[in-house]
Amino acid sequence: MPQNKLSWGEALQVYLKPRVLAMFFLGFSAGLPLLLVFSTMTAWLRDYGVSRTAIGFFAWVGITFSIKVLWAPVIDYLRLPLLTRWLGKRRSWMLVSQLGVALGLLGMGSLNPQLALTQVAVLAVWVAFCSASQDVVIDAYRIEAVDKELQGAMAANYVFGYRVALLVAGAGALYIAELANWPMSYTVMALLMGVGVITTLLVAEPDHSKVKAQAASFQHAWVDRMLGSGEHGPLKEWFVRAVACPFIEFFERNGRFALVLLLFIGIYRLSDIAMGVMANPFYLDLGFSKSDIAEIGKIFGFFCTIIGSFLGGLLVVRYGIMRPLILGAAMVAATNLLFAHLAQVGPDKVWLAVVISADNISGGISNAVFIAYLSSLTNQAYTATQYALFSSLMTLPGKFISGFSGVVVDAQGYAQFFVYVALLGTPAVILAVYLWWRDRRGSKAASGT
């Protein structure tokens, strides 16, 4: 339950706070590299005559974003010489990762894929690694920079900036390549990483003094317990402090209920992710033109997503996290039934606009609220590592199940497929209601009512 009931006007004012505004620019910096090592890069490679087989192998670059939890403990624990003293724990890593992305993009733009495909691949992996590292540290900064009640607004601005960056790195990069050439396109994209660099230099570092003391106390107990009084090397001690302690702390703080939380994280976006891979084939098979999909599905859908994200942020500020969390889960599941209805209606542009607006607004709300919820689960002593675990886990089940989506469509058709996907969202709604009830009961018990 929220502690303070704010008016809608007061809730809107949170978007004017400096750190909330800064999240738009950091979100832009986080989103810009993504397409430049995925769809935009594949267009560049194909334009230079690279074979489809070779282009297909470049999809493995994306694995980097799924395993970022492996080096998140290093970002959480390691101090960078000179930079950490100058900028602080989070901003130093942000600056290094942003400069790494920019240099990688400049390097890619200087190469001819026909003559140096291996070098392009190496630089693409480097850009993906730096981009995933930037994601880890920006997530940590977002959680640590403001109080829990502002996390929805922070998430909304982050999503807004991220989506704008996807437009720039997608359509914008293609336009520049068409008007000039691919080297110019990647050079411009590298220069646009300056948005993130400037923001990093301007924003203030979060206050780590309190959480540092908490971490030291917790680590001291567990380091003594796991390492004992015998001799041990610095690598083993680092592993216990930086890698083991973040996970141990999460399970110690939540007990067996930690398994319920991890289950909820894994299934919350199940319905959304499972249907995503079939969306564009569905539109085309139904008879919509590519321009219909671009105008209604992409451009109109983009603005609907932004509206949904800002609504999600406002709902968190005004009502807390738990009730909007239920709303987001229910809306995402229910919108799949609209897709099922569209499959029966056929290529009706009005209905397509209705479905797209409902899908993207509900997706924007649920995404902003869910990011705020995941942020609330972290201990700020281990923000980067714990959030990296959550963000990796939240997409894995959906990605796995989505691999079977084509089989279901071929066997039973689109309408039945979307009904099944809607049902996949039911456990998330039920579990969200249970978490809300448990949180409310805990609040009443704490207040003695």
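This structure is a prediction, so every number in the text was calculated from the model and none was measured.

1. Describing the overall build of the protein
Here is step 1 of the chain: Looking only at helices and strands, the protein has 25 helices and 0 strands in total.
Here is step 2 of the chain: Taken over C-alpha atoms, the radius of gyration comes to 23 Å for the protein, in line with the 22 Å a tight globule of 449 residues would show.
Here is step 3 of the chain: In terms of overall dimensions, the protein has C-alpha extents of about 65 × 60 × 45 Å along its principal axes.
Here is step 4 of the chain: Burial analysis of the protein (449 residues in total) assigns 53% to the buried set.
Here is step 5 of the chain: Summarising the internal contacts of the protein: among those between residues at least 6 apart in sequence, 81% fall at separations of at least 24.
Here is step 6 of the chain: Accessible surface for the protein amounts to roughly 20500 Å². Of this, 66% is attributable to carbon and sulfur atoms.
Here is step 7 of the chain: When the 32 positive and 24 negative side-chain charges of the protein are each reduced to one mean point, those points stand 6 Å apart.

2. Things to note about the packing of aromatic side chains
Here is step 1 of the chain: The tally for this structure, following the rule as stated, stands at 29 aromatic pairs.
Here is step 2 of the chain: With a centroid separation of 5.6 Å and an interplanar angle of 80 degrees, the aromatic rings of Phe250 and Phe251 are classed as edge-to-face.
Here is step 3 of the chain: Given a relative accessible area of 2%, Phe250 falls into the buried group.
Here is step 4 of the chain: The class of Phe251 is partly exposed, set by a relative accessible area of 35%.
Here is step 5 of the chain: We note Arg142 situated over the ring of Tyr387; from NZ or CZ to the ring centre the distance is 5.0 Å.
Here is step 6 of the chain: The lysine or arginine in question, Arg438, covers the ring of Phe257, its NZ or CZ lying 3.6 Å from the ring centre.

3. Regarding a nonpolar patch on the surface
Here is step 1 of the chain: Taken together, the side chains of Phe57, Trp60, Ile63, Ile67 and Leu70 make up a nonpolar region of the molecular surface, amounting to roughly 560 Å² of accessible area.
Here is step 2 of the chain: By the element assignment, Leu70 lies in the loop between helix H5 (63-66) and helix H6 (72-77).

4. Looking at empty space enclosed by the protein
Here is step 1 of the chain: On inspection of all chains with the given rule, the structure shows 1 cavity of 30 Å³ or more.
Here is step 2 of the chain: Of the pockets and cavities examined, the largest cavity occupies roughly 30 Å³.
Here is step 3 of the chain: As for the largest cavity, its lining consists of Tyr268, Arg269, Asp272, Gly328, Ala329, Val332 and Ser366.
Here is step 4 of the chain: The dominant element in the lining of the largest cavity, judged by the number of residues it contributes, is helix H19 (residues 322-345), at 3 residues.
Here is step 5 of the chain: Class assignment for the residues of the lining of the largest cavity results in 3 nonpolar, 2 polar and 2 charged.

5. Comments concerning the side chain of Lys68
Here is step 1 of the chain: Its place among the elements puts Lys68 in the loop between H5 and H6.
Here is step 2 of the chain: Despite its burial, Lys68 pairs with no opposite charge, the nearest such side chain being Asp135 at 4.2 Å.
Here is step 3 of the chain: Not counting residues up to four positions away in its chain, the partners in contact with Lys68 are Ala132, Asp135, Val136, Ser391 and Ser392.

6. Considering helix H15 (residues 257-268)
Here is step 1 of the chain: End to end, H15 covers 16 Å across 12 residues, agreeing with the expected 16 Å (1.5 Å per residue, within 8%).
Here is step 2 of the chain: In terms of burial, H15 is largely enclosed, as 9 of its 12 residues are buried.
Here is step 3 of the chain: Considered for burial, the residues of H15 that qualify are Phe257, Ala258, Leu261, Leu262, Phe264, Ile265, Gly266, Ile267 and Tyr268.

7. Topic: the environment of Gly312
Here is step 1 of the chain: With respect to the helices and strands, the residue Gly312 is situated in helix H18 (residues 290-319).
Here is step 2 of the chain: Measuring from C-alpha to C-alpha, the distance between Gly312 and Leu327 comes to 9.7 Å, with 15 residues separating the pair along the chain.
Here is step 3 of the chain: The contacts of Gly312, once residues within four sequence positions are left out, are Ile365, Ala368 and Val369.

8. Digging into the packing of H15 against helix H20 (residues 349-377)
Here is step 1 of the chain: The interhelical angle for the contact between H15 and H20, taken along N-to-C directions, is 160 degrees, at an axis separation of 12 Å. With respect to H20, the axis of H15 lies roughly antiparallel. Our pair here, H15 against H20, has a crossing hand that is left-handed. In this structure, H15 uses Leu261, Phe264, Ile265 and Tyr268 to contact H20, whose residues at the interface are Ser366, Phe370, Tyr373, Leu374 and Leu377.
Here is step 2 of the chain: In the contact of H15 with H20, the residues fall into 8 nonpolar, 1 polar and no charged.

9. Some thoughts on the pattern of salt bridges
Here is step 1 of the chain: Under the counting rule described, the total for this entry stands at 6 salt bridges.
Here is step 2 of the chain: Close ionic contact of Glu144 with Arg90 constitutes a salt bridge, the shortest N to O distance being 2.7 Å. Taken together, the residues Glu144 in helix H9 (residues 117-145) and Arg90 in helix H8 (residues 89-109) connect sequence positions 54 residues apart.
Here is step 3 of the chain: The buried category is assigned to Glu144, whose relative accessible area is 8%.
Here is step 4 of the chain: Take Arg90: its relative accessible area is 0%, and that puts it in the buried class.
Here is step 5 of the chain: Between Arg142 and Asp139 there is a salt bridge, with the nearest N and O atoms lying 3.2 Å from each other. Of this pair, Arg142 and Asp139 both sit in helix H9, separated by 3 residues, roughly a single helical turn.

10. With respect to helix H10 (residues 151-179)
Helical geometry note: an α-helix holds 3.6 residues per turn, so side chains three or four residues apart project in the same direction.
Here is step 1 of the chain: In this model, H10 (29 residues) spans 40 Å end to end at C-alpha, consistent with the 42 Å of a helix rising 1.5 Å per residue.
Here is step 2 of the chain: Of all the bends in H10, the largest measures some 30 degrees and sits at Gly172.

11. What about the packing of helix H2 (residues 18-36) against H8?
Here is step 1 of the chain: Between H2 and H8, the least distance of the axes is 11 Å, while the angle of their chain directions is 35 degrees. Like other packed secondary-structure pairs, H2 and H8 cross with a definite hand, here left-handed. For the pair H2 and H8, the contacting residues are Leu26, Ser29, Pro33 and Leu36 in the first and Met94, Gln98, Val101, Leu105 and Met108 in the second.
Here is step 2 of the chain: Residues belonging to the contact of H2 with H8 are distributed by class as follows: 7 nonpolar, 2 polar and no charged.

Definitions and cut-offs
- Residues numbered from 1 in each chain as written.
- Predicted model: local features only at pLDDT ≥ 70, side-chain atom pairs only at ≥ 80, totals over all residues.
- Heavy atoms only, no water.
- Helix = DSSP H or I, 4+ residues; strand = E, 2+ residues; numbered from the N terminus.
- Rg over C-alpha atoms; globule rule 2.2 N^0.38 Å.
- Buried < 20%, exposed > 50% of the residue type's maximum accessible area, 1.4 Å probe, protein only.
- Contact = heavy atoms within 4.5 Å.
- Areas by Shrake-Rupley, 256 points an atom, 1.4 Å probe, with all protein chains shown as cover.
- Lys, Arg positive; Asp, Glu negative; His and termini not counted.
- Charge placed at Lys NZ, Arg CZ, Asp CG, Glu CD.
- Phe/Tyr/Trp six-rings, centres within 6.5 Å; stacked < 30°, edge-to-face > 60°.
- Lys NZ or Arg CZ within 6 Å of the ring centre and 35° of its normal.
- Patch = residues over 30% accessible without salt bridge, like charges linked within 9 Å, V, L, I, M, F, W, Y side chains within 5 Å.
- Salt bridge = Lys/Arg side-chain N within 4 Å of Asp/Glu carboxyl O.
- 1 Å grid on protein atoms, 1.4 Å probe; cavity = no way out; pocket = protein on both sides within 12 Å on 5 of 7 lines; lining within 4 Å.
- Points joined across faces, edges and corners; volume = space filled by probe spheres on them.
- Nonpolar A, V, L, I, M, F, W, Y, C, P; charged D, E, K, R; others polar.
- Expected span 1.5 Å × (residues − 1).
- Axes fitted to C-alpha atoms, helices over the stretch in contact; angles between N-to-C directions.
- Parallel < 35°, antiparallel > 145°, perpendicular 65-115°, else oblique.
- Left-handed = near helix turned anticlockwise from the far one by under 90°.
- Bend = angle between axes of the 7 residues up to and from the residue.

Purely geometric stuff here, so don't read any function into it on its own.
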